[in-house]
Amino acid sequence: MIGLPHYLIISAALFSLGIMAVLTRKNAVNVLMGIELILNSANINLVAFSRFSSANLDGQLYAVFVIVIAAAEAAVGLAIVLSMYRLLKSVSLDKADMLKG
Amino acid sequence: MNPQILQDLHAFYPEIAITVTLLAVIVADLAFATLRRTATFLIAGLGLIAAFVYTLPLFTLPQGTLFYGMVAIDPMAVFFKGFLILTSFFILLAAPNSREIAREHIGEFYTLLLGVTLGMLLLASAANMLMLFLALEMVSLTSYIMVGFLSHERQSNEASVKYFLFGAVSTGSMLYGITLLFGLTGTLKIAEVRDALVQGAGSGNNGVMLLVATVLILAGFGFKTAAVPFHFWCPDVYTGAPTPVTAFLSVAPKAAGFAALIRFFYTGMSSSQGTDVWGPLAAVNWTFIVILISVVTMTLGNIAALRQDNLKRMLAYSSIAHAGYIFMGTVVLNGQGLQSVLVYLVTYLFMNLGAFLIVIEIFNRIGSFDLQDYRGFWHRSPFLTIAMSLFMLSLMGIPPFAGFFGKLYVFGAAVNHNLVWYAVVGALNSVVAVYYYARVIKTMIIDGEPEEAIAAGRVRVSWANSALVWVMLIPTAGLMLFWDRVQQLTTSSMKLFFG
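Residues numbered from 1 in each chain as written. Chains lettered and ligands numbered in written order. Predicted model: local features only at pLDDT ≥ 70, side-chain atom pairs only at ≥ 80, totals over all residues.

With respect to the overall build of chain B
Phase 1: A count of helices and strands for chain B gives 22 helices and four strands.
Phase 2: For chain B, whose C-alpha radius of gyration is 22 Å, the value lies close to the compact-globule estimate of 23 Å for 499 residues.
Phase 3: Along the three orthogonal principal directions, the C-alpha set of chain B runs to about 75 × 55 × 45 Å.
Phase 4: The 499 residues of chain B split such that 61% are buried.
Phase 5: Restricting the contact set of chain B to residue pairs at least 6 apart, pairs at least 24 apart contribute 77%. (Helix = DSSP H or I, 4+ residues; strand = E, 2+ residues; numbered from the N terminus. Rg over C-alpha atoms; globule rule 2.2 N^0.38 Å. Buried ≥ 20, exposed ≤ 12 C-beta atoms within 10 Å, placed from the backbone. Contact = placed C-beta atoms within 7 Å.)

A look at the packing of helix H17 (residues 382–396) of chain B against helix H19 (residues 420–445) of chain B
Residues and elements named next belong to chain B.
Phase 1: The interhelical angle for the contact between H17 and H19, taken along N-to-C directions, is 175°, at an axis separation of 9 Å. The orientation of H17 relative to H19 falls into the category roughly antiparallel. Residues Thr385, Met388, Ser389, Met392, Leu395 and Met396 of H17 lie in contact with H19, whose contacting residues are Ser430, Ala433, Val434, Tyr437, Val440, Ile441, Met444 and Ile445.
Phase 2: Taken together, the residues that form the contact of H17 with H19 break down as 11 nonpolar, three polar and no charged. (Axes fitted to C-alpha atoms, helices over the stretch in contact; angles between N-to-C directions. Parallel < 35°, antiparallel > 145°, perpendicular 65-115°, else oblique. Nonpolar A, V, L, I, M, F, W, Y, C, P; charged D, E, K, R; others polar.)

Some details on the interface of chain A and chain B
Note: interface size is frequently given as the accessible area lost on complex formation between the parts.
Phase 1: Tallying the contact residues gives 33 residues for chain A and 33 residues for chain B.
Phase 2: Among the elements of the structure, helix H1 (4–24), helix H2 (28–53) and helix H3 (58–88) of chain A are those that each provide at least two residues to the side of chain A that touches chain B.
Phase 3: No other element matches the 15 residues that H3 of chain A contributes to the side of chain A that touches chain B.
Phase 4: When its residues are assigned to classes, the side of chain A that touches chain B shows 23 nonpolar, eight polar and two charged.

Some thoughts on the environment of Leu118 of chain B
Residues and elements named next belong to chain B.
Phase 1: Position of Leu118 among the secondary structure elements: in helix H6 (residues 106–124).
Phase 2: It is 15 Å that separates the C-alpha atoms of Leu118 and Glu108, two residues lying 10 residues apart in sequence.
Phase 3: The contacts of Leu118, once residues within four sequence positions are left out, are Glu15, Ile18, Thr19 and Leu22.

Brief notes about helix H3 (residues 36–55) of chain B
Residue and element names in this part refer to chain B.
Phase 1: Helix length check: H3 (20 residues) gives 28 Å between terminal C-alpha atoms against 28 Å at 1.5 Å per residue, within 8%.
Phase 2: Taken residue by residue, H3 has Thr40, Phe41, Ile43, Ala44, Gly47, Leu48, Ala51, Tyr54 and Thr55 as its buried positions. Down the axis of H3, the buried set is contained in an arc of 165°. They therefore lie on one face.
Phase 3: Taken together, the buried residues of H3 touch helix H2 (13–31), helix H4 (75–94) and H6. (Expected span 1.5 Å × (residues − 1). Arc of directions from axis to C-beta.)

A closer look at unusual backbone geometry
Residues and elements named next belong to chain B.
Phase 1: Note that the residue after Val228, namely Pro229, is joined by a cis bond; omega there is 5°.
Phase 2: Its location among the elements puts Pro229 in the loop between helix H10 (206–225) and helix H11 (233–240).
Phase 3: The omega torsion of the bond from Pro399 to Pro400 falls at 5°, within 30 degrees of zero and hence cis.
Phase 4: Checked against the element boundaries, Pro400 lands in the loop between H17 and helix H18 (402–416).
Phase 5: A positive phi angle is found at Leu333, which is not glycine, with a value near 60°.
Phase 6: By secondary structure assignment, the location of Leu333 is in the loop between helix H14 (311–331) and helix H15 (335–366).

Let's talk about the confidence of the model for chain B
Do not read the fine detail of predicted coordinates wherever pLDDT is low.
Phase 1: For chain B, the mean per-residue pLDDT works out to 91, and 100% of the residues sit at or above 70.
Phase 2: At the level of chain-chain contacts, confidence expressed as ipTM amounts to 0.96, with global pTM at 0.95. (pLDDT = per-residue confidence, 0-100.)

Notes on H11 of chain B
All names here are of chain B.
Phase 1: Within H11, eight of the eight residues are buried, leaving the element largely enclosed by the surrounding structure.
Phase 2: Among the residues making up H11, those that are buried are Trp233, Cys234, Pro235, Asp236, Val237, Tyr238, Thr239 and Gly240.
Phase 3: Taken together, the buried residues of H11 touch helix H7 (129–147), helix H8 (154–185), helix H12 (243–268) and H14.

Details of the nonpolar core
All names here are of chain B.
Phase 1: Ranked by internal contacts, the top residues of the largest apolar core, which has 218 residues, are Leu123 and Ala256.
Phase 2: Counting residues per element, this core draws most heavily on H15, at 19 residues.
Phase 3: Leave out the neighbours within four places in its chain, and Ala256 touches Phe80, Leu84, Met120, Leu123, Ala124 and Val139. (Core = buried A, V, L, I, M, F, W, Y, C linked by C-beta atoms within 7 Å.)

Considering the packing of H7 of chain B against H12 of chain B
Residue and element names in this part refer to chain B.
Phase 1: Viewed as axis vectors pointing N to C, H7 and H12 meet at an angle of 170°, and their least axial separation amounts to 12 Å. Here H7 lies roughly antiparallel to H12, going by the angle between them. Facing Leu132, Val139, Ser143, Met146 and Val147 of H7, the residues of H12 in contact are Val245, Leu249, Pro253, Ala256, Ala260 and Phe264.
Phase 2: In terms of residue class, the contact of H7 with H12 is made up of 10 nonpolar, one polar and no charged.

Structural data, given as structure tokens:
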């Protein structure tokens with residue numbers, strides 16, 4: 001029988017993979033994919049908690065909002081990365097090294 | 001429509017005014033060909049004034065929540081709404097005078113500014129974790145675009161890439177923490193979270209999960225307030241962003257972040273112990289974590305600021321340090337602490353915006369943010385030099401300037417709460433800070449050859465800019481003259497809706 005712990009383990013694994021992708025990848029688009037993983041791991045949590053341990057639909061409602069936010073975030077993120085590509089002819093984060101100190 | 005919602009709309013006029021203004025600015029930007037700079041500026045300005053006027057009567061409303069517990073309405077929220085609208089208004093006035101922004105399509109800048117303002121008003125009054133997250137994302141997403149506003153400049157673009165990546169990860173982590181908290185307590189309303197935690201939702205084996213959730217949620221707040229260890233974006237973003245945006249980010253979203261943090265931790269993770277006295281819940285000792293963050297934040301901010309030669313970068317680290325001081329007022333958990341946060345933010349608004357205004361004005365003339373290029377400015381513009389010196393003295397916390405009173409209240413709150421060591425750390429930090437602020441004054445007045453400076457030419461300040469500088473200068477230098485007003489305002493504003 002699949003229960004709440006299974007969902008939580010999957011979501012924790014997705015969250016960790018997302019954080020790992022953000023920390024290790026040099027390509028800005030890969031980092032964006034890591035961010036999507038983080039947001040979707042939270043979605044799994046929300047829906048699972050809503051289904052198994054809550055009396056109302058708050059969690060599933062929240063998940064719908066998160067999907068919309070994730071889309072908006074991807075749009076803004078891709079626009080910024082696109083403009084980075086126009087300026088640097090690259091999406092490698094190593095190239096973004098003008099500001100430091 | 002549901003009569004409850006219709007009734008609540010009356011307390012929502014500031015947000016509605018800003019939404020309408022935002023749409024009107026977009027339309028005016030498209031409709032007018034020649035007059036659109038003036039038209040968009042006037043519409044945005046009038047809209048913000050209208051929103052401010054609509055905010056004032058909200059002070060007298062009974063405390064409560066709107067829209068089925070989504071948004072809280074209490075003196076604290078109203079204070080922050082007024083504060084944030086005022087800050088946006090000052091930035092609106094400063095932006096057309098900045099050479100960086102004025103070259104661009106400025107109507108879009110006003111639209112973005114209004115968008116962030118709307119998000120911040122919601123963030124400062126969010127009483128539900130769904131609203132908290134949505135408002136936080138609205139502020140963040142719009143400010144990513146504002147930072148990258150100079151789309152053909154590498155620095156601005158790089159700043160926005162870094163801001164976006166840090167922001168997305170921080171808010172994503174915060175969202176994950178919120179889902180864990182939702183799982184533990186079964187509710188999204190912040191006040192109900194507290195009730196569930198008091199009844200033992202986070203006890204026993206769930207303690208670890210509650211701690212993880214708290215730390216992850218703090219990541220989101222830490223990002224918005226630029227607290228260590230979530231501050232890495234701050235110096236780079238502040239340096240790369242157009243200066244009016246930097247000035248805006250250093251005050252408004254930070255204040256909104258503190259408002260949301262206070263509301264979340266006071267109503268969600270503290271229990272009331274009498275009038276204006278709270279205590280942290282037994283289940284999670286968040287004050288300890290916040291004290292730790294605060295001490296590290298102010299120390300790192302001040303020490304890193306010591307070796308900065310770029311003025312924007314120095315002010316970035318200085319704003320990190322100031323966030324550390326403000327945290328001191330939040331952990332005290334009583335009315336005095338809340339009041340000290342409000343006092344500090346009011347003083348910080350004027351002195352920090354003032355310093356950035358001077359930076360904008362000097363950049364307009366000499367095209368540099370490097371402290372070396374400020375040498376001998378005394379001979380080129382005594383007005384700007386004196387104004388900058390006063391802002392620096394105020395940021396140091398030298399009496400009788402405004403910054404001194406902010407620090408006095410914050411340290412006083414810590415001492416009264418038997419956290420003397422904490423206040424001592426803060427005081428030692430302000431001593432360190434004197435060095436880098438004084439360095440600016442010394443560079444502008446003493447350094448450099450007078451002949452060289454005079455040969456470079458005097459700097460004339462336009463009347464619009466000098467008027468705006470005066471608006472910042474008068475409260476910075478003379479806040480003590482009407483101190484009873486500030487006292488009265490902050491005392492009546494520190495009330496938080498707790499149910």
